[in-house]
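# Observations on the three-dimensional arrangement
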Amino acid sequence: MQLPRLENADLAGKRVFLRVDFNVPIENGTVTDKTRIEKTLPTIELLLKKGARLVIASHLGRPKGKPDPQFSIEPVVKTFQEMVKAKVTFSKEVVGDSVVKLSKELQNGEILVIENLRFHKEEEENEAGFCKKLASLADVYVNDAFGAAHRAHASTEGIAHLLPSYAGLLMYQEITQLSGLLSRPAKPFVAIIGGSKVSSKIQVLKNLIDKVDHLLIGGGMAYTFLKSRAVPVGNSLVEKDFEVDAFQLIEKAGVAGVDIQLPVDHVIGDKFDPHAKSKTVDKMGILDGWMGMDIGPKTISNYEKVIKNAATIVWNGPMGVFEFDKFAEGTMAIAKAVAKSKAKTVVGGGDSIAAINKAGVESKITHVSTGGGASLEFLEGKKLPGVQALLNQEK
């Protein structure tokens, strides 16, 4: 995938519209997790070094297409200002004559951050006129918001057809790492897929089944698979509409010679509660009134053996109800096993990332993906509008 490289661009004195993903958590007016800002700093630093004049834009939350003070990006800008060595100006407007004027007043190495893009409904509608207004703020477009690349919005897709466009460093890294999983993974290739619902992961599983050597399944979605094989699951989460898909996937894995593993034991609870009564049972032992909350020690051991011998690992989704400490052991064990592995490791999904952070092993992971929905859709084999727009430029 030949993305246009930012490193090769001559940007001195040019206004650059940089789409980032600053959709960060804010509590009481303070950013509580700077990760997404930190991840795009290399791109920003490179642009500043090249003498560009930056117009930075992002969405924040879901303000439903109109201005809403609780979704203002201003608190993010205050945090961002402390993280860069450059003059930063904030515009309360997204488009219009006043913003164009501010963009034209920028000097080399200066930054203008505009208000939340989603204060305008035209952003999510990818409305042509709004795309032109955004494009009027710059001479060049750079997309570093991989987390929003699966959305065909004005700032992620439409504007790329109106200006010379490039992939930011983070965008390029994300696409390169994820592409490698689907095209030329070193073998054995192990996919660890968890999370609560089969429905949100079934397309990923179907796309990976012809590419992986081992598929390890955990989380709430495992109980739909087990139920499809007539294993008692008690009150565990089951998506009845996906039992047939689950059954067929196991059959397809068998035909393809893929080792697909399901939990052989479970930590169960008598209710969905952090203080629920709990016990460990084998796979036949989940009785009515109890529900699976985490993978058990035998399953952890089985999965660790596969992970230890892997050459490539992709992990998306927790192994249990990770948000409850009592049922986080399986997810934490997998996080440590993946970190200890000598394999190329790619981790995506909020809970999986939280697990490697909690285990203190993020530095030992080859690539931590910033895009939840975008990385899943990429692994499903879908074309992402924000990426396609960079590849198919009409210049």
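The model shown is predicted, which means the values in this text are computed figures rather than measured ones.

## What to know about the packing of aromatic side chains
Applying the stated criterion across every chain, the model contains 3 aromatic pairs. Taking the centre distance of 5.5 Å and the plane angle of 50 degrees together, the rings of phenylalanine 22 and phenylalanine 80 count as tilted. Here phenylalanine 22 is found in the loop between β1 (15–19) and β2 (26–27), whereas its partner phenylalanine 80 is found in helix α2 (residues 74–81), with 58 residues between them in sequence. Phenylalanine 22 gets classed as buried once you look at its relative accessible area, which sits at 2%. Of note, arginine 5 hangs over the ring of tyrosine 172, and the distance from its end group to the ring centre comes to 3.6 Å. Here the basic side chain of lysine 279 rests over the ring of tryptophan 290, its NZ or CZ set 4.5 Å away from the ring centre.

## Section: the sheet that holds strand β12 (residues 265–269)
Ordered in space as β13-β12-β14, the 3 strands form an open sheet in which the pairing is antiparallel. Single-partner strands in this sheet number two, and they are β13 (278–282) and β14 (291–295). Neighbour-to-neighbour, the strand axes of this sheet turn through a mean angle of 40 degrees, independent of strand direction. Strand direction decides the pairing type here: β12 and β14, joined by 4 bridges, are antiparallel. Residue pairing for β14: histidine 266 is matched across the bridge by isoleucine 295. Those strands touched by helix α10 (residues 297–308) are β12, β13 and β14, and its axis lies near 40 degrees from that of β14.

## Here's the deal with the environment of leucine 117
With respect to the helices and strands, the residue leucine 117 is situated in the loop between β6 (111–114) and α4 (121–125). With 57 residues separating them along the chain, leucine 117 and leucine 60 place their C-alpha atoms 7.9 Å apart. Excluding residues that lie within four positions of it along the chain, leucine 117 makes contacts with Arg19, Ala57, Ser58, His59, Val94, Glu123, Phe130, Leu134 and Ser155.

## A few points about the nonpolar core
Grouped together as the largest cluster of nonpolar side chains are 70 residues, with contacts concentrated most on Phe17, Ile114, Leu134, Leu215 and Phe225. Inspection of this core shows a minimum of three residues originating in each of domain 1 (6–172) and domain 2 (185–380). Those residues in contact with isoleucine 114 that sit more than four places away from it in its chain are Phe17, Val55, Ile56, Ala57, Ile73, Phe90, Ser91, Glu93, Val94, Val99 and Leu137.

## Some points on the pattern of salt bridges
Scanning the model with the defined rule gives 12 salt bridges in all. One salt bridge in this structure joins arginine 15 and aspartate 139, with 3.5 Å as the shortest N-O distance. In this pair, arginine 15 sits in strand β1 while aspartate 139 sits in the loop between α5 (128–135) and β7 (140–143), placing the two residues 124 residues apart along the sequence. We note a salt bridge from aspartate 245 to lysine 206, for which the minimum N-O separation is 3.2 Å. One end of the pair, aspartate 245, is in helix α9 (residues 243–256); the other, lysine 206, is in helix α7 (residues 202–208), with 39 residues separating them in the sequence.

Rules behind the numbers
- Residues numbered from 1 in each chain as written.
- Predicted model: local features only at pLDDT ≥ 70, side-chain atom pairs only at ≥ 80, totals over all residues.
- Heavy atoms only, no water.
- Phe/Tyr/Trp six-rings, centres within 6.5 Å; stacked < 30°, edge-to-face > 60°.
- Helix = DSSP H or I, 4+ residues; strand = E, 2+ residues; numbered from the N terminus.
- Buried < 20%, exposed > 50% of the residue type's maximum accessible area, 1.4 Å probe, protein only.
- Lys NZ or Arg CZ within 6 Å of the ring centre and 35° of its normal.
- Pairing = 2+ DSSP bridges.
- Axes fitted to C-alpha atoms, helices over the stretch in contact; angles between N-to-C directions.
- Contact = heavy atoms within 4.5 Å.
- Core = buried A, V, L, I, M, F, W, Y, C linked by side-chain atoms within 4.5 Å.
- Domains from an automatic or database assignment.
- Salt bridge = Lys/Arg side-chain N within 4 Å of Asp/Glu carboxyl O.

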